[in-house]
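Chain by chain, the residues:
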Amino acid sequence: QVQLVESGGGLVQPGGSLRLSCAASGSIFSIYRMGWYRQAPGKQRELVADITSGARTNYDDSVKGRFTISRDNAKNTVYLQMNSLKPEDTAVYCCNAYLTTNWDTQGDYWGQGTQVTVSS
């Protein structure tokens, strides 16, 4: 069994910063890609940023220059540093991992999500 647990969400004023963390645990053999998705009310889920085990990163255009994704492979943990937050960044942020389990199965796993609200 694999679990992804997020932390770090909350309420912040426009222009502020938050740091999200997501730790993967359980029967994990290796993790190829970890990332963050978000879903705002009435909108589809969208990719915010992801990072491979080789540290190759990918960002949505709306967050480039403001958000930074990083990863600690030894801890199976991914981070999202969010700076210069805007009200339009308000959403539930979910962690994702594409991994191989100890039983040699591969697939996408998801966390429960953490709320980020940007408001004055």
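Below or above, wherever it landed, is the structure these notes cover. (Residues numbered from 1 in each chain as written. Predicted model: local features only at pLDDT ≥ 70, side-chain atom pairs only at ≥ 80, totals over all residues. Heavy atoms only, no water.)

**Overview of the environment of Gln13**
Inspection of the secondary structure puts Gln13 in the loop between β2 (10–12) and β3 (18–26). Residue Gln13 is classed as exposed on the basis of its relative accessible area, which comes to 54%. Each C-alpha atom of the pair Gln13 and Leu85 lies 7.7 Å from the other, and the pair is 72 residues apart in sequence. Beyond its immediate chain neighbours, meaning those up to four positions away, Gln13 contacts Val118 and Ser119. (Helix = DSSP H or I, 4+ residues; strand = E, 2+ residues; numbered from the N terminus. Buried < 20%, exposed > 50% of the residue type's maximum accessible area, 1.4 Å probe, protein only. Contact = heavy atoms within 4.5 Å.)

**Brief notes about the pairing of β3**
Pairing geometry for strand β1 (residues 2–7) and β3, over six bridges, is antiparallel. Residue pairing across strands places Gln3 opposite Ser25, the latter belonging to β3. Here β3 runs beside strand β8 (residues 77–82); their pairing, made up of six bridges, is antiparallel. Across the sheet, residue Cys22 finds its bridge partner in β8, namely Val78. (Pairing = 2+ DSSP bridges.)

**Some details on the pairing of strand β7 (residues 67–72)**
Side chains Phe67, Ile69 and Arg71 of β7 all project onto a buried face; the interleaved residues Thr68, Ser70 and Asp72 project onto a face where none is buried. Joining the antiparallel neighbours β7 and β8 is a turn of four residues, in which Asn76 adopts a positive phi near 50°.

**Quick notes on the nonpolar core**
Here is a general trend for soluble globular proteins: nonpolar side chains tend to be buried in one another's company. Membership of the largest hydrophobic core comes to 30 residues, with the highest contact counts inside it found for Trp36, Leu80, Met82 and Tyr93. Elements represented by at least two residues in this core include exactly β1, β3, β4 (28–39), β5 (46–52), β7, β8, β9 (91–101) and β11 (114–118). Considering every element that reaches this core, the biggest residue donor is β9, with five residues. (Core = buried A, V, L, I, M, F, W, Y, C linked by side-chain atoms within 4.5 Å.)

**Points about the sheet that holds β7**
Taken together, four strands build an open sheet; the order of strands is β1-β3-β8-β7 and the sheet is antiparallel. Each having just a single partner strand, β1 and β7 make up the two edges of the open sheet. For this sheet the average axis-to-axis angle between neighbouring strands, irrespective of direction, equals 15°. (Axes fitted to C-alpha atoms, helices over the stretch in contact; angles between N-to-C directions.)

**Re the pattern of salt bridges**
Using the criterion set out here, one finds six salt bridges in the structure. Here Arg33 makes a salt bridge to Asp108, at a shortest N to O gap of 3.5 Å. Placement of Arg33 in strand β4 and of Asp108 in strand β10 (residues 106–110) is noted, with a sequence separation of 75 residues between them. Classification of Arg33 as partly exposed rests on a relative accessible area of 21%. Asp108 gets classed as partly exposed once you look at its relative accessible area, which sits at 42%. (Salt bridge = Lys/Arg side-chain N within 4 Å of Asp/Glu carboxyl O.)

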